[in-house]
Amino acid sequence: MRVLVLGASGTIGRAVVAALRTEHDVLGVAHRSGQLTVDLGDPHSIRELLREAGTMDAIVCAAGAAKFAPLARLSDRDFEFSLTNKLMGQVNLVRYGFAHLHDGGSFTLTSGLLARSPMAGGAAISLVNAALEGFVRAAALEAPRGIRVNAVSPGFVSETLVAMGKDGEAGTPAATVARSYVASVTGTMTGEVLEPRR
Ligand SMILES: NC(=O)c1ccc[n+]([C@@H]2O[C@H](COP(=O)([O-])OP(=O)(O)OC[C@H]3O[C@@H](n4cnc5c(N)ncnc54)[C@H](OP(=O)(O)O)[C@@H]3O)[C@@H](O)[C@H]2O)c1
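First things first, this report covers the structure right here in the doc. Keep in mind it's a predicted model, so treat the numbers as computed, not measured.

## What to know about the site of the ligand
Then, number 1: Close contacts around the ligand come from 24 residues, with Ser 9, Arg 32, Leu 40, Gly 64 and Thr 160 the closest.
Then, number 2: In this structure, Ile 12 approaches the ligand through a main-chain N or O atom, which is 2.9 Å from an oxygen atom.
Then, number 3: Interatomic distance of 2.9 Å between a backbone N/O atom of His 31 and an oxygen atom of the ligand.
Then, number 4: The protein chains hide 77% of the 900 Å² of surface that the ligand would expose on its own.
Then, number 5: Among the detected pockets, the ligand sits in the largest pocket.
Then, number 6: Only helix H1 (11-21) and helix H3 (76-97) provide two or more residues apiece to the shell around the ligand.

## Observations concerning the side chain of Asn 129
Then, number 1: Relative to the elements of secondary structure, Asn 129 occurs in helix H4 (residues 123-142).
Then, number 2: A distance of 3.0 Å separates a polar atom in the side chain of Asn 129 from a polar atom in the side chain of Lys 86.
Then, number 3: Excluding anything up to four places from it in sequence, Asn 129 contacts Lys 86, Ser 111, Gly 112, Leu 114 and Ala 115.

Rules used throughout
- Residues numbered from 1 in each chain as written.
- Predicted model: local features only at pLDDT ≥ 70, side-chain atom pairs only at ≥ 80, totals over all residues.
- Heavy atoms only, no water.
- Near = heavy atom within 4 Å.
- Polar contact = N/O pair within 3.5 Å; in protein donor to acceptor, adjacent residues only side chain to side chain.
- Areas by Shrake-Rupley, 256 points an atom, 1.4 Å probe, with all protein chains shown as cover.
- 1 Å grid on protein atoms, 1.4 Å probe; cavity = no way out; pocket = protein on both sides within 12 Å on 5 of 7 lines; lining within 4 Å.
- Sits in = over half its atoms within 2 Å of the grid points.
- Helix = DSSP H or I, 4+ residues; strand = E, 2+ residues; numbered from the N terminus.
- Contact = heavy atoms within 4.5 Å.

Put into structure tokens, the structure is as follows:
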């Protein structure tokens, strides 16, 4: 399969690329460097990426930022940033991406645990993640030509916890999280939110 992976230089994206690369032709996309770049917050940039990439069997997004801060400190700009980047960036990737997928192709987006398990400081992230999961379930119903739409909803990734100076054992290794993306790309499910388990 020919697979486009956004966020390919990130903690999760690197593991997804490594897991897919053994059997598939993977085109990695980062934000700042590499042959293919994109800014999820810019619809024009997403369209340009898809035009450059051509036609795919699968599009995976392991990117998307939202602001973590106490609710009382989240500004209008913080909400706008979160909605524009992680939410509408991935929604637009699907909207524009249909035309770039072969029949029976798939999208795999990324939401996150805060969609269903909130924590202080996570209001904007919970908002975006829950919205994404709702979008995926609904978009799958209307996807044309047998195209599938799923999301992976990870909890904390071990490598991320370690980078934050915390105990990696409390999280799920990126390689384990990557298996959910592979399952979505190679499987038959649609409208599903996959929750990676350690
Ligand atoms: N890590 C976790 O514990 C965890 C848990 C739950 C959910 N998630 C979600 O999983 C996704 C990936 O997380 P991660 O920890 O792997 O992130 P990460 O290590 O920070 O990597 C982010 C990736 O996204 C790219 N990126 C940054 N800004 C972008 C933009 N505006 N447009 C397009 N791409 C952009 C980066 O490219 P450059 O390298 O070029 O900047 C990089 O490839 C995020 O949506 C995050 O919310 C992560």
